[in-house]
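Below are the chains, spelled out letter by letter.
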Amino acid sequence: MPLEALRYDVTPVGLHYLLIHFDIPAVDAETYELHVGGHVHRPLRLTMHDIESRPKTTFAVTLECAGNGRARLSPRPMSQPWLNEAVGNAEWTGTPLGPLLEEAGLKPGAVDVVFTGLDRGVQGGFDQFYERSLSVANASRDGVMLAYAVNGGPLPPQHGFPLRLIVPGWYGMTSVKWLRSITVTDAPFQGYQQATAYHFREVTGGPGVPVERMRPRALMVPPGFPDFMSRTRFVDPGEHLIEGRAWSGLASIERVDFSADGGVTWQPAELDGTASPFGWRRWTYRWGATAGEHELCARATDAAGNTQPIDEDWNAEGVQNNAVQRVHVVAGAPPGSQAAADSL
Ligand SMILES: Nc1nc2c(c(=O)[nH]1)N[C@H]1C(S)=C(S)[C@@H](COP(=O)(O)O)O[C@H]1N2
Ligand SMILES: [Mo]
């Protein structure tokens, strides 16, 4: 998502980020069936008509890829080289998952709920369908839904047509697209995307800690205009309204701080309210730009006291890097401009 799209509370679908491990599968909605089975009393087969006839819910959810910020790590882990743009806040419509699991009737001893996609590929030496799991307790939480619409329109192919999981608060890999089946297990799920990938490992090959909820992050709309190659931004000296969004999957956002000197000194930004408990919050800061170079930073803190590190937390997969954003800005005339020529 281009960072200027942080200006929209609801991210237009074409500006929302995308992460697709393999290929977008071909699906015929007419013959599509979702299979719910495994360790349940009543396995279900649901058509899209069955699913769309169930109770319906709509709310905005901030989705962020666990690899957001990866390209800032050095040495850079080999995977999608995101800077800060792997985020979006769309309005998803679907049916809550909890009641559907109740209807299927979990058998005693149910442990995990496995969500399997229709997309197949090879990763880490394994031929697989993309699949991830949640514990029964996490799968049954409020907000977890099977979504078939986004921003009031049908789900487009790239976002999981005809049906995807949405898990608010968790990094994006949890929200399995192109759902084929939901399988309840009586033993912990050990699939590749669950047990091997998506771990925070301080050393390559270490056991690591599973990646789950989004760490807090604030991002700003980069002010002014960019230099094509260096991405340095130019603004006029004077007052600028800096705006951005902040979110955390661990607790609600409590404060955002702004720095114009690379994180040496911080000032509190103003926070707007939020329409969705699962969506990002807008923040603003009135910055008085003096002529010269500045490094603008924003830092979010949530109600549980989690905040963003100033420097990157290196790890082998390059996940959960929520180090503060840095935007290099020159207040004054850019080289080669009429204003620069006039001042000679
Ligand atoms: N079936 C399937 N689901 C998937 C993926 C995938 O490759 N296949 N990618 C995951 C990852 S890593 C992320 S970050 C989100 C991205 O969702 P989006 O493309 O709708 O923004 O989808 C998740 N769900
Ligand atoms: Mo992701």
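The structure under discussion appears in the preceding block.
Residue positions are given per chain, counting from 1 as you read along its sequence in written order. For naming, the first written chain is A and the first written ligand is 1, with later ones following in the order written. pLDDT decides what is reported in this predicted model: residues at 70 or higher carry local features, side-chain atom pairs at 80 or more are listed and counted, and totals for whole chains, interfaces and linings draw on all residues regardless. The basis for the side-chain values is all heavy atoms of the structure; hydrogens and waters are excluded.

A few words now on the packing of aromatic side chains. For this analysis, a ring pair means two rings from Phe, Tyr or Trp (six-membered ring only for Trp) whose centres lie within 6.5 Å, classed as stacked if their planes differ by under 30 degrees, edge-to-face if by over 60, and tilted for the remaining angles. Enumeration over the complete set of coordinates arrives at 6 aromatic pairs. Taken together, a centroid distance of 5.9 Å and an interplanar angle of 85 degrees make the contact between Tyr17 and Trp82 edge-to-face. Here the residue Tyr17 occupies a position in the segment before β1 (34–38), and Trp82 occupies one in the loop between β3 (57–64) and β4 (87–96), the gap between them amounting to 65 residues. The buried label applies to any residue whose accessible area, calculated with a 1.4 Å probe on protein chains only, is under 20% of its type's maximum; exposed applies above 50%, and partly exposed to all values in between. A residue is classified by how much of its surface remains accessible, and Tyr17, at 7% relative accessible area, is buried. Helix and strand assignments come from DSSP, with helices taken as H or I runs of at least 4 residues and strands as E runs of at least 2, each series counted from the N terminus.

Attention now goes to the sheet that holds strand β5 (residues 112–123). Pairing within the open sheet is mixed, and its 5 strands lie in the order β2-β1-β10-β5-β6. The sheet is open, and its two edges are formed by β2 (44–46) and β6 (126–135), each paired on a single side. Each neighbouring strand pair of the sheet contributes to a mean axis angle of 25 degrees, computed without reference to strand direction. Two strands pair when backbone bridges link them, and β5 and strand β10 (residues 179–185) are joined in this way by 6 bridges, in the antiparallel orientation. In the strand pairing of β10, Gly117 is matched with Leu179. For two strands to be treated as a pair, DSSP must find no fewer than two bridges joining them. Inter-axis angles, ranging from 0 to 180 degrees, are taken between N-to-C directions of lines fitted to C-alpha atoms, where helices are fitted over the stretch in contact.

This part takes up the environment of Leu163. Looking at the secondary structure, you find Leu163 in the loop between β8 (153–154) and β9 (164–166). In this structure Leu163 comes out as buried when scored by relative accessible area, which is 0%. For the pair Leu163 and Thr95, spaced 68 residues apart in sequence, the C-alpha to C-alpha distance is 10 Å. What makes two residues a contact is simply this: any of their non-hydrogen atoms within 4.5 Å. Sequence-distant contacts of Leu163, defined by excluding residues within four places in its chain, comprise Tyr32, Leu34, Met48, Ile51, Leu146, Ala147, Tyr148, Leu155, Lys177, Trp178 and Leu179.

Let's shift gears to the site of ligand 1. By convention in this text, a residue qualifies as near a molecule or strand provided that one of its non-hydrogen atoms is within 4 Å of it. Close to ligand 1 lie 18 residues; His21, Asp119, His159, Arg164 and Lys177 are nearest. Ser175 is positioned with one of its backbone polar atoms (N or O) 3.0 Å from a nitrogen atom of ligand 1. Two N or O atoms count as a polar contact when they lie within 3.5 Å, although within protein this holds only if one can serve as hydrogen donor and the other as acceptor, and sequence-adjacent residues are included solely when both atoms are side-chain atoms. A distance of 2.5 Å is found between an oxygen atom of ligand 1 and a side-chain nitrogen or oxygen belonging to Lys177. Out of a free accessible area of 530 Å², ligand 1 has 100% covered by protein chains. Method remark: on a 1 Å grid restricted to protein atoms, a set of points is classed as a cavity if a 1.4 Å probe fits but cannot get out and as a pocket if it is open with protein on both sides within 12 Å along at least five of seven lines; lining residues have an atom within 4 Å of a point. A molecule is counted as occupying a cavity or pocket when more than half of its atoms fall within 2 Å of that pocket's grid points. Here ligand 1 occupies the largest cavity. In the shell around ligand 1, the residues fall into 10 nonpolar, 5 polar and 3 charged. Under the convention used here, a 1.4 Å probe and the Shrake-Rupley method define accessible areas, while residue burial counts only the protein chains that appear. Amino acids are sorted into nonpolar (Ala, Val, Leu, Ile, Met, Phe, Trp, Tyr, Cys and Pro), charged (Asp, Glu, Lys and Arg) and polar (every other residue, Gly among them).

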